[in-house]
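Listed below are the residues making up each chain.
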Amino acid sequence: MSEVSANRVGAPGGGSWKSFALSLVIHTGLLVALAFLWTTRTVGGGDEAPRRVEIVLASPDDDAEYLEQADLQPAEQSGDDDAGSLIDVLPSSDAPPIDTSQVLTEAAPLDVPLPGLDSTAMARPDVRAGAARTTHLTPEQEAMLAAEQAAFEARRPKGPATTLRVFGSGDLTGRKFVFVIDRSKSMGGQGLNVLKAASAELGAAINSLEKYHQFQIVAYHHQTVTITRRALLAATSDAKAEVSEFIENLAAFGGTEHEGALITALSMDPDVVVLLTDGGLPDLNESQLRRISRAARGAQIHCIQFGSGPQQDRNTFMRLLAAQNSGTYRYVDVSELDK
């Protein structure tokens, strides 16, 4: 009785275990089959059509070359698992560079006008920007420009240089000459009477000039005066005729202001300046000599000192003035002029 009861109790427990094991095997098999089918479709083993793949190779100038799908077909299977890989399709370092010349030559010409634009207007300057603006000058402005142009032309060298000599000086070579003559009291009839001799000397020298040469005379004491105007004059016959009359009519009086007369002469941009004076006081000091040299800008300054009797060395500033400006110095004894 007890044995039979024990078997009945244990039988249901044994049947349940076997059913559970069988169910587990069946479900596991189904899961494996489903996983195999899913993997095959995802990798490409199914019937799904292959997708189109394109690779764009861009050059530095943004030109592009497109590879067609035929260029990306895998190589024939040769037993190598890597055959047909995309790595085989990409250009290697040994491959020749991509030729973009054809792309450039086939580009649209640059001279084709853009839609809505006038092609002739593209080459026309922008008047509003002032590129081709026409400026209308007033009569006063035109006169100023004409005067500047005339002054510029007057300063330009014309014709060959010439060489002059006055009062036994050294060579005075140039195209533009300014003679600076002292008209203080000591230079007149009550003094050395140099003005009369200067009229003859300067008249002869200026008469030898050609019409393309220029000259001027600056007479000074504490003020300066010139022939007609403070500018170089062309050596025409009319201008030459005024020289003797100008010097002979000078009244000798007053003191002496050397620096102002020399600065006036140098402002005319001459090649040669000739200073004719007895070197009366006041002398030019070092500061004045420096200012004159700066104003000279390369012009030669020659000095002729007049005196009566043997040479006196107290007026040494004339020697310095000539030496600092590429000129020469000469002393003239007026008592020897009439001999």
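Everything here concerns the structure above.
Parameters at a glance
Residues numbered from 1 in each chain as written. Predicted model: local features only at pLDDT ≥ 70, side-chain atom pairs only at ≥ 80, totals over all residues. Heavy atoms only, no water. Buried < 20%, exposed > 50% of the residue type's maximum accessible area, 1.4 Å probe, protein only. Helix = DSSP H or I, 4+ residues; strand = E, 2+ residues; numbered from the N terminus. Arc of directions from axis to C-beta. Salt bridge = Lys/Arg side-chain N within 4 Å of Asp/Glu carboxyl O. Lys, Arg positive; Asp, Glu negative; His and termini not counted. Polar contact = N/O pair within 3.5 Å; in protein donor to acceptor, adjacent residues only side chain to side chain. Contact = heavy atoms within 4.5 Å. Core = buried A, V, L, I, M, F, W, Y, C linked by side-chain atoms within 4.5 Å. Axes fitted to C-alpha atoms, helices over the stretch in contact; angles between N-to-C directions. Parallel < 35°, antiparallel > 145°, perpendicular 65-115°, else oblique. Nonpolar A, V, L, I, M, F, W, Y, C, P; charged D, E, K, R; others polar. Patch = residues over 30% accessible without salt bridge, like charges linked within 9 Å, V, L, I, M, F, W, Y side chains within 5 Å. Areas by Shrake-Rupley, 256 points an atom, 1.4 Å probe, with all protein chains shown as cover. Charge placed at Lys NZ, Arg CZ, Asp CG, Glu CD. Expected span 1.5 Å × (residues − 1). Left-handed = near helix turned anticlockwise from the far one by under 90°.

A. Representation of helix α9 (residues 317-324) within the structure. Buried residues of α9: Phe 317, Met 318, Leu 321 and Ala 322, and no others. The buried residues of α9 all sit within an arc of 135° when viewed along its axis, so they share a single face. Where α9 ends, the next residue or the one after it, Ser 326, has phi of about 55°, a positive value.

B. The arrangement of the pattern of salt bridges in detail. By the definition in use, this model includes three salt bridges. Lys 176 is the partner of Asp 269 in a salt bridge, and the nearest nitrogen-oxygen pair spans 3.7 Å. With a gap of 93 residues between them, Asp 269 in the loop between α7 (258-266) and β9 (272-277) and Lys 176 in strand β5 (residues 176-182) connect regions that are remote in the sequence. Given a relative accessible area of 7%, Lys 176 falls into the buried group. The partner of Arg 291 in a salt bridge is Glu 259, and the shortest N-O contact between them spans 2.8 Å. Of the two residues, Arg 291 is situated in helix α8 (residues 286-296) and Glu 259 in helix α7; the sequence distance between them amounts to 32 residues.

C. Just the side chain of Asp 182, in detail. The residue Asp 182 is located in strand β5 in this model. No salt bridge is formed by the buried Asp 182; its nearest oppositely charged neighbour, Arg 183, is found at 7.5 Å. Among the polar contacts made by the side chain of Asp 182, one reaches the side chain of Thr 277 at a distance of 2.8 Å. Contact partners of Asp 182, with chain neighbours within four places excluded, come to Met 187, Leu 195, Tyr 220, Thr 256, Leu 276, Thr 277 and Asp 278.

D. Representation of the nonpolar core in the model. Core analysis: the largest hydrophobic core is formed by 33 residues, its most contacted members being Val 166, Phe 179, Phe 215, Ile 217 and Phe 306. Put simply, the parts of the chain that give this core at least two residues each are β5, α5 (194-207), β6 (214-220), α6 (237-248), β9 and β10 (300-307). In terms of residues, this core owes the most to one element, α5, which gives six residues. The residues contacting Phe 306, other than those within four sequence positions of it, are Phe 167, Met 187, Leu 192, Val 194, Leu 276, Thr 277, Asp 278, Tyr 331, Val 332 and Val 334.

E. View of the side chain of Thr 256. Residue position: Thr 256 is located in the loop between α6 and α7. In this structure, Thr 256 is in contact with Asp 182, Ser 184, Tyr 220, His 221, Gly 280, Leu 281 and Pro 282, ignoring residues within four places of it in sequence.

F. Here's a closer look at unusual backbone geometry. The amide bond that connects Leu 281 to the next residue, Pro 282, takes the cis arrangement and shows omega of 5°. In this model, Phe 167 sits at a positive phi of 50°, which is unusual for a non-glycine residue. Residue position: Phe 167 is located in the loop between β3 (162-164) and β4 (172-174).

G. Structural detail: the packing of α5 against α6. For the pair α5 and α6, interaxial distance at closest approach is 9 Å and the crossing angle is 170°. The orientation of α5 relative to α6 falls into the category roughly antiparallel. Here Leu 195, Ala 198, Ser 199, Leu 202, Gly 203, Ile 206 and Asn 207 of α5 come into contact with α6, specifically with Lys 240, Val 243, Ser 244, Ile 247 and Glu 248. Grouping the constituent residues of the contact of α5 with α6 by class yields six nonpolar, four polar and two charged.

H. Seen up close, a negative patch on the surface. On the surface, Asp 238, Glu 242, Glu 245 and Glu 248 cluster together into a negatively charged patch. Within the secondary structure, Asp 238 sits in helix α6.

I. Fine view of α5. Between its first and last C-alpha atoms α5 spans 20 Å; for 14 residues at 1.5 Å apiece the expected length is 20 Å, and the two agree. Buried within α5 are the following residues: Val 194, Leu 195, Ala 198, Ser 199, Leu 202, Gly 203, Ala 205 and Ile 206. Seen from one end, α5 has its buried residues packed into an arc of 165°, which puts them on one side. Facing away from the buried side of α5 by over 90 degrees, the exposed positions are Lys 196, Ala 200 and Ala 204.

J. Geometry of the environment of Asp 278. Tracing the backbone through its elements, the reader meets Asp 278 in the loop between β9 and α8. By relative accessible area, Asp 278 is classed as buried at 11%. Taking the C-alpha atoms as reference points, Asp 278 and Ser 186, 92 residues apart in sequence, are found 7.7 Å from one another. One polar contact links Asp 278 to Ser 186, side chain to side chain, over a distance of 2.6 Å. For Asp 278, the side chain forms a polar contact with the side chain of Thr 277, separated by 3.5 Å.

K. Main features of the environment of Asp 338. Relative to the elements of secondary structure, Asp 338 occurs in the segment after β11 (329-333). Each C-alpha atom of the pair Asp 338 and Ala 197 lies 9.1 Å from the other, and the pair is 141 residues apart in sequence.

L. Up close: the packing of α8 against α9. At a minimum axis separation of 10 Å, α8 and α9 run at an interaxial angle of 30°. The angle between the axes of α8 and α9 places the two elements in the roughly parallel class. Of the two elements, α8 crosses α9, and the hand of that crossing is right-handed. Where α8 approaches α9, its residues Leu 289, Ile 292 and Ser 293 are matched on the opposing element by Phe 317, Leu 320, Leu 321 and Gln 324. Split by residue class, the contact of α8 with α9 holds five nonpolar, two polar and no charged.

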